[in-house]
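# Survey of secondary and tertiary structure
Take a look at the letters that make up each chain.
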Amino acid sequence: MHDEDRIIVRHGGPLRGEVVIPGAKNAVLKLMAATLLADGEYVLRNVPAIADVGIMSDLLMSIGVTSTWEGPGRLRMVNAGQLRPVAPYELVERIRASINVLGPLLGRCGHVELSLPGGDDFGSRPIDMHLKGLEAMGATFELRHGVVEATAERLHGAEITLEFPSVGATENILTAAVFAKGTTVIDNAAREPEIADLCQFLVGMGAQFEGIGSSTLVIHGVERHELHSTDHAVVADRIQAATYLAATAVSGGEVVLRGARADHMEMLLRRFRDMGLTITSIGDGTNPGDGLAVWAQGRLHSIDVATLPYPGIATDYKPLVVTMLTVADGVGIVTENLYPGRFRYVEELQRLGADIRADGHHAVVRGVPRLSGAPVRAPDIRAGAALVVAGLAAEGETSVAGVHHVDRGYDDLVGRLAALGADIERASAG
Ligand code: UD1
């Protein structure tokens, strides 16, 4: 009957054991795009085995950079210097991060043809701030038949103040600035840990940055010959880490998240503690073996949460938090400040018996003692993972369709949860 994979999950006992947190999707895709800047052979380590890495590889291959898996988590990329700065619609429409080739290609080639990006289908996601920032550096843009044609003889440094700390705009401007003549200052820059990871990668390539991790980023332009390829380990994925925290929260148990970075999740960890979880750091997150330990016992307490740019609670955590609130004691209000309309998964949670009222930017979640399993469909990556977590909290069987969304951002979610003792399996199509 069903010609697509599903994740089948049932409520079981507490989770126990260790899970290794893979590298971040929202970092690795940007690092891959940044290899367009300099010729040579790159090695990326801690690369998650997710579908979006494959899509980005295809896009970069069509531009002229090859990617090969050399072993688990190890991706070798080669930029042989023959680039065709065209990002075709068939590839661009598949991931939002394809927009990240704009900055590097403009800096490197002085010309780009980029179809307008797609990706997760929530709210409208304009790129006006990307274009305005690059324009201040001397680029010109023409939009023709859905294709942005960007041109710049040689970009120059500029002082750019973003109206809003957009992740993508910050990344495109900072990568373009690497080869700009003079110094670029980005004020009100986004400061997500994945952006700091991209800056560190570029520093490893010979770029010159000040203020990494802060909201004022300073980039001193370098000459072509000063930039080279490098070897880099991708920062741990705080969203995948939060997913295993949420899974433990609704199942109970004791789990160690190896590689998770407490310092990249401070606000979320504080709120999870308010909900009743005991979370401790192991080391400072920079050595192998470091991570987080979580202990969950008894019913969660409700809290109110609002999403904000980093270091606030990320919008990508929200479906997980809403799911935790569906079985918590009390009423919680969740406010979305980044994307209107990013509550589509609420209807799916309601199918599982959740008591949620969503209206515009707000959702009011009244906790129930237990959800009840049902067939549901993942509308996007994070909501898909949240539905799997909800299935762990639901009596009976929950079958999650739309698994291809989950595969875009999760490296073996099912295998990792099963290894912790969850009652979960993947049912393959056909
Ligand atoms: C990135 C993440 C995504 C996360 C988001 C916010 C990737 C691949 N995706 O997306 O998972 O949810 O950050 O943390 O890293 N905006 C404009 N004009 C612009 C740019 C953005 O109006 O030029 C608006 C967007 O519509 C949105 C908000 O600003 O409402 C945030 O966007 P941004 O921070 O740019 O997110 P992305 O880089 O698209």
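Residues numbered from 1 in each chain as written. Predicted model: local features only at pLDDT ≥ 70, side-chain atom pairs only at ≥ 80, totals over all residues. Heavy atoms only, no water.

### Digging into the overall build of the protein
Across its full length, the protein carries 14 helices and 26 strands. Computed over the C-alpha atoms, the radius of gyration of the protein is 21 Å, within 12% of the 22 Å expected from 2.2 N^0.38 for a compact globule of 430 residues. Principal-axis analysis of the C-alpha atoms gives the protein an extent of 60 × 45 × 45 Å. The long-range share in the protein, meaning contacts at least 24 apart out of those at least 6 apart in sequence, stands at 74%. Entry remark: accessible area of the protein is about 16,400 Å², with carbon and sulfur atoms responsible for 49%. Each charge sign in the protein was given a centre, from 38 positive and 53 negative side chains, and these centres are 2 Å apart. (Helix = DSSP H or I, 4+ residues; strand = E, 2+ residues; numbered from the N terminus. Rg over C-alpha atoms; globule rule 2.2 N^0.38 Å. Contact = heavy atoms within 4.5 Å. Areas by Shrake-Rupley, 256 points an atom, 1.4 Å probe, with all protein chains shown as cover. Lys, Arg positive; Asp, Glu negative; His and termini not counted. Charge placed at Lys NZ, Arg CZ, Asp CG, Glu CD.)

### Comments concerning the site of the ligand
For the ligand, the set of nearby residues contains 19 residues, the closest of which are Lys30, Met129, Ser166, Asp316 and Leu338. Residue arginine 96 places a side-chain N or O atom 2.9 Å away from an oxygen atom belonging to the ligand. In this structure, tyrosine 339 approaches the ligand through a side-chain N or O atom, which is 3.2 Å from an oxygen atom. When the free accessible area of the ligand is taken as 740 Å², the share hidden by the protein chains comes to 88%. Those elements that place two or more of their residues in the shell around the ligand are α1 (25-34), α5 (128-136) and α6 (167-177). If you tally residues by element for the shell around the ligand, the top one is α5, at 3 residues. A breakdown of the residues in the shell around the ligand according to their chemical character gives 7 nonpolar, 6 polar and 6 charged. Here the shell around the ligand spans two domains, and each of domain 1 (6-22 + 236-427) and domain 2 (25-233) adds at least three residues to it. (Near = heavy atom within 4 Å. Polar contact = N/O pair within 3.5 Å; in protein donor to acceptor, adjacent residues only side chain to side chain. Nonpolar A, V, L, I, M, F, W, Y, C, P; charged D, E, K, R; others polar. Domains from an automatic or database assignment.)

### Some words on the pattern of salt bridges
Counted by the stated rule, this structure contains 28 salt bridges. Close ionic contact of glutamate 70 with arginine 76 constitutes a salt bridge, the shortest N to O distance being 3.6 Å. For glutamate 70, a relative accessible area of 42% corresponds to the partly exposed category. Where arginine 154 meets glutamate 223, a salt bridge forms, and the shortest distance between an N and an O atom there is 3.7 Å. In this pair, arginine 154 sits in the loop between β9 (147-151) and β10 (159-161) while glutamate 223 sits in the loop between β13 (216-220) and β14 (231-233), placing the two residues 69 residues apart along the sequence. Among the residues examined, glutamate 223 registers a relative accessible area of 36% and is labelled partly exposed. (Salt bridge = Lys/Arg side-chain N within 4 Å of Asp/Glu carboxyl O. Buried < 20%, exposed > 50% of the residue type's maximum accessible area, 1.4 Å probe, protein only.)

### Observations regarding the domain arrangement of the protein
Taken as a whole, the protein is organised into domain 1 (6-22 + 236-427) and domain 2 (25-233). The distance between the C-alpha centroids of domain 1 and domain 2 comes to 30 Å. Contact with domain 1, which involves 24 residues of that partner, is made by 22 residues of domain 2. Here domain 1 and domain 2 share an interface that buries about 1,900 Å² over both sides, 50% of which is from carbon and sulfur atoms. Together, Tyr310, Tyr339 and Arg408 form the three largest contributors to the area buried by domain 1 at its contact with domain 2, with a combined 32%. Where domain 1 packs against domain 2, one counts 2 salt bridges. Across the contact surface, domain 1 and domain 2 share 6 residue pairs in polar contact (both at pLDDT 80 or more). Only α8 (238-251), α12 (381-392) and α13 (403-409) provide two or more residues apiece to the side of domain 1 that touches domain 2. For the side of domain 1 that touches domain 2, the element with the highest residue contribution is α13, accounting for 3 residues. Across the side of domain 1 that touches domain 2, the residue classes break down as 11 nonpolar, 3 polar and 10 charged. (Buried area = accessible area lost by both parts, 1.4 Å probe.)

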